[in-house]
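# Reading the structure
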Amino acid sequence: MNRAGGGPGDRAGGSGPVLRAWPWIFGAVVVVELVGVAFDLPALQWVAKPLLAPLLAVRLLAVRRRWELVATGLVFATAGDVALLLPGTTAFLVGMGCFLGTQLAFLTAFLRHRRAPAVVFAGYLALWAGANALLWGRLADLRLPVLGYSLALSLMATAAAGVSRRAAVGGALFLLSDLLIGVGAAGVELPGRGLLVMVTYVAALHLLTHAWSERRDGRVRPAGRTVEMATADHVL
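Residues numbered from 1 in each chain as written. Predicted model: local features only at pLDDT ≥ 70, side-chain atom pairs only at ≥ 80, totals over all residues. Heavy atoms only, no water.

### Quick look at the overall build of the chain
To keep things clear, this is the line we draw: A run of DSSP states H or I qualifies as a helix once it reaches four residues; a run of E qualifies as a strand once it reaches two. Both are numbered from the N-terminal end. Here's how the labels work: a residue is buried when its accessible area is under 20% of the maximum for its type, exposed when over 50%, partly exposed in between, all with a 1.4 Å probe on protein chains only. Between two residues, a contact is recorded if the distance between any of their heavy atoms is within 4.5 Å. Here the open area of atoms and residues is found with the Shrake-Rupley method and a 1.4 Å probe, where only the protein chains shown may cover a residue.
In terms of regular secondary structure, the chain is built from 9 helices and 2 strands. Listing the helices and strands of the chain from first to last along the sequence gives α-α-α-α-α-α-α-α-β-β-α. In the chain, which comprises 236 residues, the proportion classed as buried is 49%. Excluding contacts between residues fewer than 6 apart, the proportion of contacts in the chain whose partners are at least 24 apart in sequence is 73%. Summing over all exposed atoms, the chain offers an accessible surface of approximately 10,900 Å²; the carbon and sulfur share of this is 70%.

Shown next as structure tokens:
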């Protein structure tokens, strides 16, 4: 986007090819990752998962034309994705710490937009308290890390609701994805949990970054967009 006042159609020519090719590249990486998760193929996950957040950052930068906190959050998400590909509690805690950086970066960016309704904050706070109460007895040494991380996540989801409806859905899906991870950490296994975690996570990042890229002068851009933007929106 031309920050001097032009609209999305005023981009320099270099970003057009990037945005036209991006849906196909991102879609292919998502498919590889989901196949890897569904069929428990670690090699495919190692190939695809570390590319998800960077590809979203590429699109975000192609549209926004400057580095922002949401892009910083995607850097943290990349590090967290890599950490969570490794086994063990230490890797899990490192991954959680990286994603805490993601939540705090997103939260700070979203709060600069506008505040969500108080009822949204109350609802997410109640969900945070209830979920932690239910899982508390099963989390053992992970109790306090999960408590702190899930609070930051809930606040991010609340703040996302103040950006746009698309961002609100993205925030809710991010919370759902990590709630499923927390359920697994508590020793509760659900059929297809791993695949559902990944689907909701990818959708969450996709929606949040796209919602942020659509902002203009403190508002979300109206439905009319360039052909490049409309094409990129059809990935998920």
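After that view of the structure, there is still more to cover.
### A closer look at the nonpolar core
This is how it is decided: What we call a nonpolar core is a set of buried Ala, Val, Leu, Ile, Met, Phe, Trp, Tyr and Cys residues that are connected through their side-chain atoms within 4.5 Å.
One finds Phe106, Phe110, Met156 and Phe174 to be the most contacted residues of the largest nonpolar core, which totals 46 residues. Listing elements by their share of this core, those giving two or more residues are helix H1 (15–38), helix H2 (42–64), helix H3 (69–83), helix H4 (89–111), helix H5 (118–139), helix H6 (143–160), helix H7 (165–185) and helix H8 (193–213). Here the element with the most residues in this core is H8; it accounts for 8 residues.

### Looking at the packing of H7 against H8
Here is the rule we go by: Axis definition: a line fitted to C-alpha atoms, limited for helices to the stretch in contact. Angles are taken between N-to-C directions and run from 0 to 180 degrees. Oblique is the label for every angle not falling under 35 degrees (roughly parallel), over 145 degrees (roughly antiparallel), or within 65 to 115 degrees (roughly perpendicular). The crossing is said to be left-handed when, going from far helix to near helix, the turn is anticlockwise and less than a right angle, and right-handed when the turn is clockwise. Amino acids are sorted into nonpolar (Ala, Val, Leu, Ile, Met, Phe, Trp, Tyr, Cys and Pro), charged (Asp, Glu, Lys and Arg) and polar (every other residue, Gly among them).
At a minimum axis distance of 7 Å, the contact between H7 and H8 shows a crossing angle of 155°. Classified by the interaxial angle, the pair formed by H7 and H8 is roughly antiparallel. The hand of the H7/H8 crossing is left-handed. Residue-level contacts link Arg166, Ala167, Val169, Gly170, Gly171, Leu173, Phe174, Leu176, Ser177, Leu180, Ile181 and Gly184 of H7 to Arg193, Leu196, Val197, Thr200, Tyr201, Ala203, Ala204, Leu205, Leu207, Leu208, His210 and Ala211 of H8. Here the contact of H7 with H8 is composed, by residue class, of 16 nonpolar, 6 polar and 2 charged.

### Re H3
Since the α-helix packs 3.6 residues into each turn, any two residues three or four apart lie on the same face. Formally: By this rule the span expected of a helix is its residue count minus one, scaled by 1.5 Å.
For H3, with 15 residues, the first-to-last C-alpha span of 21 Å sits near the 21 Å given by 1.5 Å per residue. For H3, the set of buried residues is Val70, Ala71, Gly73, Leu74, Ala77, Thr78, Gly80, Asp81 and Ala83. At its buried positions, H3 is contacted by H2, H4 and H8.

### Focus: the packing of aromatic side chains
The description of an aromatic ring pair uses the distance of the two centres, along with the angle that the planes make with each other. The criterion, for reference: What counts as a ring pair is set by centres within 6.5 Å for rings of Phe, Tyr and Trp (its six-membered ring), and what kind of pair is set by the plane angle: stacked under 30 degrees, edge-to-face over 60, tilted for all other angles. By definition here, charges over rings are those cases where NZ of Lys or CZ of Arg is within 6 Å of the ring centre and within 35 degrees of the ring normal.
On inspection of all chains with the given rule, the structure shows 6 aromatic pairs. Pairing tryptophan 22 with phenylalanine 26 gives two aromatic rings, centres 4.7 Å apart and planes at 10°, and the pair type is stacked. In this pair, tryptophan 22 and phenylalanine 26 both sit in helix H1, 4 residues apart, roughly one turn of the helix. This pair shows no difference in class: tryptophan 22 is buried, exactly as phenylalanine 26 is. Centroid distance phenylalanine 99 to phenylalanine 174: 6.4 Å. Interplanar angle 80°. Geometry classified as edge-to-face. Separated by 75 residues along the polypeptide, phenylalanine 99 in helix H4 and phenylalanine 174 in helix H7 bring together distant segments of the chain. When sorted by exposure, phenylalanine 99 lands in the same class as phenylalanine 174, which is buried. An aromatic cluster is built from Phe99, Phe174 and Tyr201, whose rings are joined through pairwise contacts. Geometry around tryptophan 22 places arginine 59 over its ring, the cationic atom sitting 5.9 Å from the centre.

### Regarding the pattern of salt bridges
This is how the line gets drawn: Put simply, a salt bridge is a Lys or Arg side-chain nitrogen that is within 4 Å of an Asp or Glu carboxyl oxygen.
Taken as a whole and judged by the stated rule, the model has 4 salt bridges. Of the charged contacts, one joins glutamate 214 and arginine 166 as a salt bridge, the two residues approaching to 2.7 Å between their closest N and O atoms. Of the two residues, glutamate 214 is situated in the loop between H8 and strand E1 (215–216) and arginine 166 in helix H7; the sequence distance between them amounts to 48 residues. Assessed through its relative accessible area of 6%, glutamate 214 is described here as buried. A relative accessible area of 28% places arginine 166 in the partly exposed class. The residue arginine 193 makes a salt bridge to glutamate 189 at a minimum N-O spacing of 3.2 Å. The class for arginine 193 is buried, based on a relative accessible area of 17%. Shared partners join several salt bridges into a network, and the residues in it are Arg64, Arg66 and Glu68.

Interpretation note: all reported values are geometric properties and have no functional meaning in isolation.
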